[in-house]
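# Remarks on the overall topology
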Amino acid sequence: MARSFVLSLRFLPARLREHFARAYLLARAGDTVADTEAVDPAARERMLAQLEAAARRLARGEPIALEAAPLGSGGLVEERTLLAQLPMVAGWVNELEVPARKRAGEVCTILFAAMRRDLARFGINSDRVVALPDPSSLDTYLYGNAGCVGGYWAQELATTSHRFTGLDVQSLEQSGVYLGKALQRVNVLRDLAKDLRRGRCYLPANELADHGLDPRDLYFPDAMKRLKPLLGGHLEAAQADLEKGLEFFHHLPYHWIRQRAAAGLPAVLARRTLDRLAAEPHRILDAHDTIKVPRPEVKRLIARFLLLPPTDRGLERLVMGRRGAPR
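Description of the structure in this document. (Residues numbered from 1 in each chain as written. Predicted model: local features only at pLDDT ≥ 70, side-chain atom pairs only at ≥ 80, totals over all residues. Heavy atoms only, no water.)

The subject of this paragraph is the overall build of the protein. Check the secondary structure of the protein and you find 15 helices and 2 strands. The globule rule puts the C-alpha radius of gyration for 327 residues at 20 Å, and the 20 Å found for the protein is close to it. For the protein, the spread of C-alpha atoms along the three principal axes comes to 55 × 50 × 35 Å. Looking at the protein as a whole, 52% of its 327 residues qualify as buried. In the protein, the share of contacts with a sequence separation of at least 24, taken over all contacts with a separation of at least 6, comes to 75%. For the protein, the exposed area adds up to about 14900 Å²; of that, 53% sits on carbon and sulfur atoms. For the protein, the distance from the average site of its 48 positive side-chain charges to the average site of its 39 negative ones is 5 Å. (Helix = DSSP H or I, 4+ residues; strand = E, 2+ residues; numbered from the N terminus. Rg over C-alpha atoms; globule rule 2.2 N^0.38 Å. Buried < 20%, exposed > 50% of the residue type's maximum accessible area, 1.4 Å probe, protein only. Contact = heavy atoms within 4.5 Å. Areas by Shrake-Rupley, 256 points an atom, 1.4 Å probe, with all protein chains shown as cover. Lys, Arg positive; Asp, Glu negative; His and termini not counted. Charge placed at Lys NZ, Arg CZ, Asp CG, Glu CD.)

Following the criterion strictly, the structure yields 20 salt bridges and no others. A salt bridge links E52 to R116; its shortest N-O distance comes to 2.8 Å. Placement of E52 in helix α3 (residues 41-59) and of R116 in helix α6 (residues 98-122) is noted, with a sequence separation of 64 residues between them. It is possible to trace a salt-bridge network through shared partners that takes in E45, E52, R56 and R116. (Salt bridge = Lys/Arg side-chain N within 4 Å of Asp/Glu carboxyl O.)

Take a nonpolar patch on the surface next. There is a patch of nonpolar side chains on the surface, built from I257, L306, L307 and L308 and spanning about 380 Å² of accessible area. If you trace the backbone, L308 turns up in the loop between α14 (295-307) and α15 (312-320). (Patch = residues over 30% accessible without salt bridge, like charges linked within 9 Å, V, L, I, M, F, W, Y side chains within 5 Å.)

As for its position among the elements, D241 is in helix α11 (residues 224-245). It is R185 that comes nearest to the buried, bridge-free D241 among opposite-charge side chains, at 4.3 Å. The residues contacting D241, other than those within four sequence positions of it, are Y178, L179, K181, A182 and R185.

To continue, consider the packing of aromatic side chains. Applying the stated criterion across every chain, the model contains 6 aromatic pairs. Relative to Y202, the ring of Y141 lies with its centre 4.2 Å away and its plane at 25 degrees, an arrangement referred to as stacked. Of the two residues, Y141 is situated in helix α7 (residues 135-158) and Y202 in the loop between β2 (200-201) and α10 (205-210); the sequence distance between them amounts to 61 residues. Taken as a pair, Y141 and Y202 share a single burial class, namely buried. Relative to F249, the ring of F248 lies with its centre 5.6 Å away and its plane at 70 degrees, an arrangement referred to as edge-to-face. The same class applies to F248 and to F249, which are both buried. Between the NZ or CZ atom of R163 and the centre of the ring of F164, over which it lies, the distance is 5.6 Å. (Phe/Tyr/Trp six-rings, centres within 6.5 Å; stacked < 30°, edge-to-face > 60°. Lys NZ or Arg CZ within 6 Å of the ring centre and 35° of its normal.)

With that settled, the discussion passes to the packing of α6 against α7. Relative to each other, α6 and α7 sit at 165 degrees, their axes nearing to 10 Å. One finds that α6 runs roughly antiparallel with respect to α7. Seen along the crossing, α6 lies across α7 with a hand that is left-handed. Contact residues: A100, R103, A104, E106, V107, I110, L111, A114, R117, D118 and R121 in α6; S137, T140, Y141, Y143, G144, N145, C148, V149, Y152, Q155 and E156 in α7. Of the residues contributing to the contact of α6 with α7, the split by class is 11 nonpolar, 5 polar and 6 charged. (Axes fitted to C-alpha atoms, helices over the stretch in contact; angles between N-to-C directions. Parallel < 35°, antiparallel > 145°, perpendicular 65-115°, else oblique. Left-handed = near helix turned anticlockwise from the far one by under 90°. Nonpolar A, V, L, I, M, F, W, Y, C, P; charged D, E, K, R; others polar.)

With the rule as written, the count across this model stands at 0 disulfides. With no disulfide of its own, C108 lies closest to C148 among cysteine sulfurs, the gap being 8.6 Å. A relative accessible area of 0% means that C108 is categorised as buried. (Disulfide = S-S within 2.5 Å.)

Before going further, it helps to examine the environment of R28. Looking at the secondary structure, you find R28 in helix α2 (residues 14-35). Accessibility expressed as a relative area gives 36% for R28, which makes it partly exposed.

This is the structure in structure tokens:
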């Protein structure tokens, strides 16, 4: 959830915020290359390969250089601005200390590889709908697009205190992966109709077939009756990953108010989005509708995290409360 991630950056202490912001900007550049109309389709794969090669150099602790993207006439202003400033992005990332540079490079290598897989599988044009073949492919997608980011958060947080042993870091990282995968599965369900219009279906083809469905059937609202049991399974899978991810917060001291808020807000927003998806599943197939937590509710949650920080048990109640009705 890009919106909740950007909100979370604001909570972090300055040093951590700098690390996350620089890694995020590099990852954002790759995401923009993959999707923008500002870059000719034929050049996108080449640019993503260059970004992945640069990330691998970062992961070895080496500085990188990037060239401005070859821009066409399309794309949004902010996309064009970012892609024109790739040399500056590289310079900003190079300012990280070598250990932080390596961590940023490792996570961006995984992210860029996932973007290239998506581009190879789905292509650029949306004249046909392609689905992921099976649950294993979906799991790879969830990890490559968000699970790895949860692991990166864990690594960065672990560097800020000597309290973390090797086993603590391993547990923190694994639970971070679960959180990231849960957030991305929520995105898959929430954005199902919009992704279909881009020729992409992240629900596995073999699971759809088991329910008598083809990805193209999901254009039509009357597919919901057959789709609903499959959606229920994915809602439960997202909830299960959120539950496993709660271990993440058990490793963070209660006085780390900002760090706990930064990690906790996306988890609670994901949970509340799940509530809405479960209560109003018919909205999932409407490409003109977006299920999201209202802004006033987000603001109340931010105040709750910062002014009355929840304990581990309180956070568990926020994430694992009764599902099935909007909150």
